[in-house]
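# Structural description and commentary
Residue-level listing of the chains:
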Amino acid sequence: MKLDQTLVDAAVELMDRRWPTGEPGGAAAVRLADGGILTSVGLDNMNGSVALCQETGAFIQAYTQDRTVTASVCVCVCRDLERGRILILPPCGVCQERLALWGPSVEVAVPREDDPTRWEARTLAEVNPYYWGTQFAEGQWPSQAQHSE
């Protein structure tokens, strides 16, 4: 299953359900190989150093359930209160590393160059063409088994 507007909408729906319009918020959604969708949000912590990315919960759910992630709206959707819009944020380096577990063909949403409120799909390999893990897997993207060695 590929990244599509349904996945983006699932993240927006969760963000709107969790945080009322007018408050800062964000959410993430991942598509599973069986077509399912998992969503998650980050924690609101007084100590910012213990916060997690919005999509961490969905990644952990998928891994716990031994399900394969094929696409991710991650870092997610995020409210831009100053301009009254919802932004599409690409995955940070930490979340790219988390997604690497499911391989280079996982699709992620990135903002369109001409409009950060709209998205386009890129594979993880396109977003991270110099993934360090290939150095330990004979130049290939490491398998899930190699990630856990």
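Refer to the preceding data block for the structure.
Scope of this entry: the structure provided in the associated data block. (Residues numbered from 1 in each chain as written. Predicted model: local features only at pLDDT ≥ 70, side-chain atom pairs only at ≥ 80, totals over all residues. Heavy atoms only, no water.)

### Observations regarding the packing of aromatic side chains
If you walk through the whole model with that rule in mind, you get four aromatic pairs. Seen in terms of ring centroids, Phe59 and Trp102 are 6.2 Å apart; in terms of plane orientation they differ by 55 degrees. Their pairing is tilted. Residue Phe59 is located in helix α2 (residues 56-64), and its partner Trp102 is located in the loop between α3 (93-99) and β5 (107-112); the two are separated by 43 residues in the primary sequence. One aromatic cluster is present, built from ring pairs that chain together Tyr131, Trp132, Phe136 and Trp141. Sitting above the plane of the Trp19 ring, Arg18 keeps its charged end 4.7 Å from the centroid. (Phe/Tyr/Trp six-rings, centres within 6.5 Å; stacked < 30°, edge-to-face > 60°. Helix = DSSP H or I, 4+ residues; strand = E, 2+ residues; numbered from the N terminus. Lys NZ or Arg CZ within 6 Å of the ring centre and 35° of its normal.)

### So, unusual backbone geometry
The backbone of Asp66 shows a phi angle near 55 degrees, a positive value even though the residue is not glycine. Considering the arrangement of structural elements, one finds Asp66 in the loop between α2 and β3 (69-80). When its relative accessible area of 68% is taken as the criterion, Asp66 is described as exposed. With a phi angle near 55 degrees, Glu138 is a residue other than glycine that sits in the positive phi range. By the secondary structure assignment, Glu138 is in the loop between α4 (124-127) and α5 (144-147). A relative accessible area of 80% places Glu138 in the exposed class. (Buried < 20%, exposed > 50% of the residue type's maximum accessible area, 1.4 Å probe, protein only.)

### Here's the deal with the environment of Arg17
Among the secondary structure elements, Arg17 is positioned in helix α1 (residues 5-18). Taking the relative accessible area as the measure of exposure, Arg17 reaches 57% and is therefore exposed. Considering only alpha carbons, one finds Arg17 and Glu149, 132 residues apart in sequence, at a separation of 39 Å.

### Looking at the side chain of Gln54
Residue placement: Gln54 occurs in the loop between β2 (37-40) and α2. Within the local environment of Gln54, its side chain forms a polar contact with the backbone nitrogen of Gly42, the two atoms lying 2.6 Å apart. (Polar contact = N/O pair within 3.5 Å; in protein donor to acceptor, adjacent residues only side chain to side chain.)

### Re the pairing of β2
Each regular strand carries side chains that alternate between the two faces of the sheet. Of the two faces of β2, the one holding Leu38 and Ser40 is buried and the one holding Ile37 and Thr39 is not buried anywhere. Summarising the sheet, strand β1 (residues 26-32) and β2 pair through four bridges and their orientation is antiparallel. Looking at the pairing, Ala28 lines up with Ser40 of β2. With antiparallel pairing between neighbouring strands as the criterion, β1 and β2 make up a hairpin whose turn holds four residues, including Gly35 at a positive phi of roughly 95 degrees. (Pairing = 2+ DSSP bridges.)

### Some details on the nonpolar core
One finds Val30, Val69, Leu99 and Trp102 to be the most contacted residues of the largest nonpolar core, which totals 18 residues. With three residues, the top contributor of residues to this core is α2. When near neighbours in sequence (up to four residues on either side) are disregarded, Val69 contacts Val30, Arg31, Leu32, Ala62, Leu99, Trp102 and Val106. (Core = buried A, V, L, I, M, F, W, Y, C linked by side-chain atoms within 4.5 Å. Contact = heavy atoms within 4.5 Å.)

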